[in-house]
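Geometric and topological summary
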Amino acid sequence: MYESANVSDDADRTAFRRAEKKYKLYYEKDSKFSRRKKLPKPIDLSELLDFKLISQDFNNNGVLPDGIRVSKVDSSPVFCIENRPGFYFIPGALSLEEQCKWIKESLTNFPQPPNRTNHNAIYGPIADLFDSAKDNKVLVQEDLTNNKWKFYEEDDIAKAKQSSCKSVSASVLLRKLRWSTLGLQFDWSKRNYDVSLPHNNIPDALCQLAKTHAAIAMPDGEEFRPEGAIVNYFGIGDTLGGHLDDMEADWSKPIVSMSLGCKAIFLLGGKSKDDPPHAMYLRSGDVVLMAGEARECFHGVPRIFTDEKNAEIGALESELSHESGHFFTEYIKTSRININIRQVF
Ligand code: OGA
Ligand code: MN
């Protein structure tokens with residue numbers, strides 16, 4: 001993933017790093033129940049931009065906080081930050097139904113080969129990870145020389161597994177899924193697109209959604225071409241360090257970024273890590289666009305909220321559970337998924 005530079009070295013050196021540290025999840029001992037129970041350390045949330053509240057205030061009273069503008073009022077308003085041109089925030093852009101659809105796709109279809117995931121490097125392509133986790137299957141290394149792995153039912157493991165075989169349960173692999181790539185495959189080791197890798201096009205419905213939301217940040221008369229997408233999966237304590245997405249050819253084109261699942265904190269810095277970042281909430285269903293100058297701004301996700309009170313996914317959970325059983329619900333209760341869609345050329 002995006003490694004922030006040596007963490008201990010520059011821990012406090014830049015404004016961006018200080019903000020990451022301020023919002024990151026730390027645990028502390030619970031003084032009341034001192035039996036080694038650890039609780040998340042409380043953090044100061046007073047400086048966070050909350051576009052849900054900003055949107056409510058704008059709709060009810062027509063007022064906006066200093067430094068925030070409304071770019072266009074259609075069915076739902078799109079907010080901009082005065083000193084970050086090219087950044088757009090569309091609160092609640094996705095309906096509950098759409099959120100459910102993309103959560104399910106992100107867990108079932110998006111990690112399917114030829115799409116690559118973070119597991120490729122170790123296990124090679126893995127098909128049907130989500131279903132295998134649901135069925136309590138275990139991935140067993142069958143062929144050491146060619147590094148071939150195969151899923152087995154729990155009951156068949158003893159038969160399949162020679163004593164020296166390595167194995168890992170599908171549910172552990174699902175928990176450790178950190179990214180998958182759609183369309184043109186991004187090669188994380190080279191931090192570049194590898195057009196020689198086999199790939200499928202991004203699904204039509206996702207392209208359409210991206211085009212619709214991208215329109216507001218597109219030059220007049222041009223249509224956004226979704227060519228590659230990165231799906232990020234965040235579990236408890238996972239973060240995305242401050243980075244730039246600089247491997248696409250034309251930065252005037254937006255990155256369309258959709259949030260699903262648990263609420264998160266997003267940091268939007270400036271062109272230097274010394275610029276103090278804006279911190280804001282990202283909730284399930286929010287869409288963010290980064291185009292033009294905002295493409296040159298460092299950004300990251302220092303925190304996701306997985307506790308019931310702060311995750312703000314009650315409605316999503318009930319929609320998911322009566323739609324498609326509890327496996328998706330159980331996953332999303334402590335997870336966040338981000339799908340970001342890019343025009344590469
Ligand atoms: C990215 C990214 C932001 C998010 O994947 O490049 O910036 O909200 N993701 O997870
Ligand atoms: Mn990014």
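The protein chain goes by Oxidoreductase in an unreviewed UniProt entry, where it is assigned to Arabidopsis lyrata subsp. lyrata. The UniProt entry for the protein chain carries the following comment under Sequence similarities (unreviewed entry): "Belongs to the alkB family."

Some points on the sheet that holds strand S8 (residues 167–169)
Taken together, three strands build an open sheet; the order of strands is S7-S6-S8 and the sheet is antiparallel. A strand with exactly one partner marks an edge of an open sheet, and here the two such strands are strand S7 (148–152) and S8. Pairs of neighbouring strands in the sheet enclose a mean axial angle of 30°, with direction left out of account. Bridge count between strand S6 (residues 138–143) and S8: three bridges; the pairing is antiparallel. Looking at S8, one finds that Val138 is bridged to Ser169.

Observations concerning the pairing of strand S12 (residues 228–234)
Most of S12 is tucked away: seven of the seven residues are buried. Burial along S12 is two-sided: Gly228, Ile230, Asn232 and Phe234 and Ala229, Val231 and Tyr233, pointing in opposite directions, are all buried. Bridge count between strand S9 (residues 179–183) and S12: five bridges; the pairing is antiparallel. Bridging across to S12, Trp179 finds its partner in Asn232. Note that S12 and strand S19 (residues 336–342) share seven bridges and pair antiparallel. In the sheet register, Phe234 faces S19, and the bridge partner there is Arg336.

Quick notes on the coordination of the manganese ion (ligand 2)
At the metal site, the manganese ion (ligand 2) is ligated by His243 (NE2), Asp245 (OD) and His299 (NE2), and these contacts range over 2.1 to 2.2 Å. When the donors of the manganese ion (ligand 2) are listed by position in the chain, the intervening gaps give H-x1-D-x53-H. In this pair, Asp245 sits in the loop between strand S13 (240–243) and strand S14 (255–261) while His299 sits in strand S18 (residues 299–304), placing the two residues 54 residues apart along the sequence. Residue Asp245 shares its accessibility class with His299, and that shared class is buried.

Regarding the packing of helix H3 (residues 96–108) against helix H11 (residues 326–333)
One way to put it is that H3 packs onto H11 with a least axis distance of 11 Å and a crossing angle of 90°. It follows from the interaxial angle that H3 and H11 lie roughly perpendicular. Mapping the contact onto sequence places Ile103, Lys104, Leu107 and Thr108 in H3 and Phe328, Tyr331 and Ile332 in H11. Split into classes, the residues belonging to the contact of H3 with H11 amount to five nonpolar, one polar and one charged.

Observations regarding the sheet that holds strand S15 (residues 264–268)
Across the sheet, which stays open at both edges, the four strands sit in the order S13-S18-S15-S16 with antiparallel pairing between neighbours. Two strands in the sheet have a free side with no partner beyond their single neighbour: S13 and strand S16 (278–282). Adjacent strand axes in the sheet meet at a mean angle of 25° when their direction is disregarded.

Details of the side chain of Asn115
When you line up the elements, Asn115 lands in the loop between H3 and helix H4 (120–123). The class of Asn115 is buried, set by a relative accessible area of 9%. Beyond its immediate stretch of four places on either side in the chain, Asn115 contacts Asn109, Phe110, Asn120, Thr181, Leu182, Gly183 and Gln185.

Overview of the UniProt feature "binding site: Fe cation" (unreviewed entry) in the protein chain
The feature "binding site: Fe cation" (unreviewed entry), as annotated in UniProt, sits at His243, Asp245 and His299 in this numbering. Of the residues just listed, which span 57 residues, no C-alpha pair is farther apart than 9.2 Å, and they cluster in one region. Only 3.4 Å separates the side chain of Asp245 from the side chain of His243, close enough to count as a polar contact. Overall, the relative accessible area of 5% leaves His299 in the buried class. Contact partners of His299, with chain neighbours within four places excluded, come to Phe16, Gly241, Gly242, His243, Leu244, Asp245, Phe266, Leu267, Leu268 and Met290.

Regarding helix H8 (residues 204–214)
For H8, the full list of buried residues reads Leu206, Cys207, Leu209, Ala210, His213 and Ala214. The arc that holds the buried residues of H8, viewed along the axis, is 165°, so those residues lie on one side. Set apart from the buried face of H8 by more than 90 degrees, the exposed residues are Asp204 and Thr212. Its buried side turned inward, H8 meets strand S5 (87–90), H3, S9, S14, strand S17 (287–290) and S19.

Brief notes about the domain arrangement of the protein chain
With domains assigned, the protein chain is organised as domain 1 (2–110 + 178–342) and domain 2 (120–175). Of note, the centres of domain 1 and domain 2, computed from C-alpha atoms alone, are 31 Å apart. Listed as interface residues are nine residues of domain 1 and, on the opposing side, four residues of domain 2. Between domain 1 and domain 2, roughly 600 Å² of surface is buried when both sides are summed, and carbon and sulfur atoms account for 68% of that area. Where domain 1 meets domain 2, there are zero salt bridges. Scanning the region where domain 1 abuts domain 2 turns up two residue pairs in polar contact (both at pLDDT 80 or more). Every element with two or more residues in the side of domain 1 that touches domain 2 is listed here: H3 and H11. Here the residues of the side of domain 1 that touches domain 2 are counted per class, giving four nonpolar, four polar and one charged.

Calculation rules
Residues numbered from 1 in each chain as written. Chains lettered and ligands numbered in written order. Predicted model: local features only at pLDDT ≥ 70, side-chain atom pairs only at ≥ 80, totals over all residues. Heavy atoms only, no water. UniProt positions renumbered as here; feature names shortened; annotations may be inferred. Pairing = 2+ DSSP bridges. Helix = DSSP H or I, 4+ residues; strand = E, 2+ residues; numbered from the N terminus. Axes fitted to C-alpha atoms, helices over the stretch in contact; angles between N-to-C directions. Buried < 20%, exposed > 50% of the residue type's maximum accessible area, 1.4 Å probe, protein only. Donors = N, O, S within 2.8 Å, 3.2 Å for Na, K, Ca; no water. Parallel < 35°, antiparallel > 145°, perpendicular 65-115°, else oblique. Contact = heavy atoms within 4.5 Å. Nonpolar A, V, L, I, M, F, W, Y, C, P; charged D, E, K, R; others polar. Polar contact = N/O pair within 3.5 Å; in protein donor to acceptor, adjacent residues only side chain to side chain. Arc of directions from axis to C-beta. Domains from an automatic or database assignment. Buried area = accessible area lost by both parts, 1.4 Å probe. Salt bridge = Lys/Arg side-chain N within 4 Å of Asp/Glu carboxyl O.

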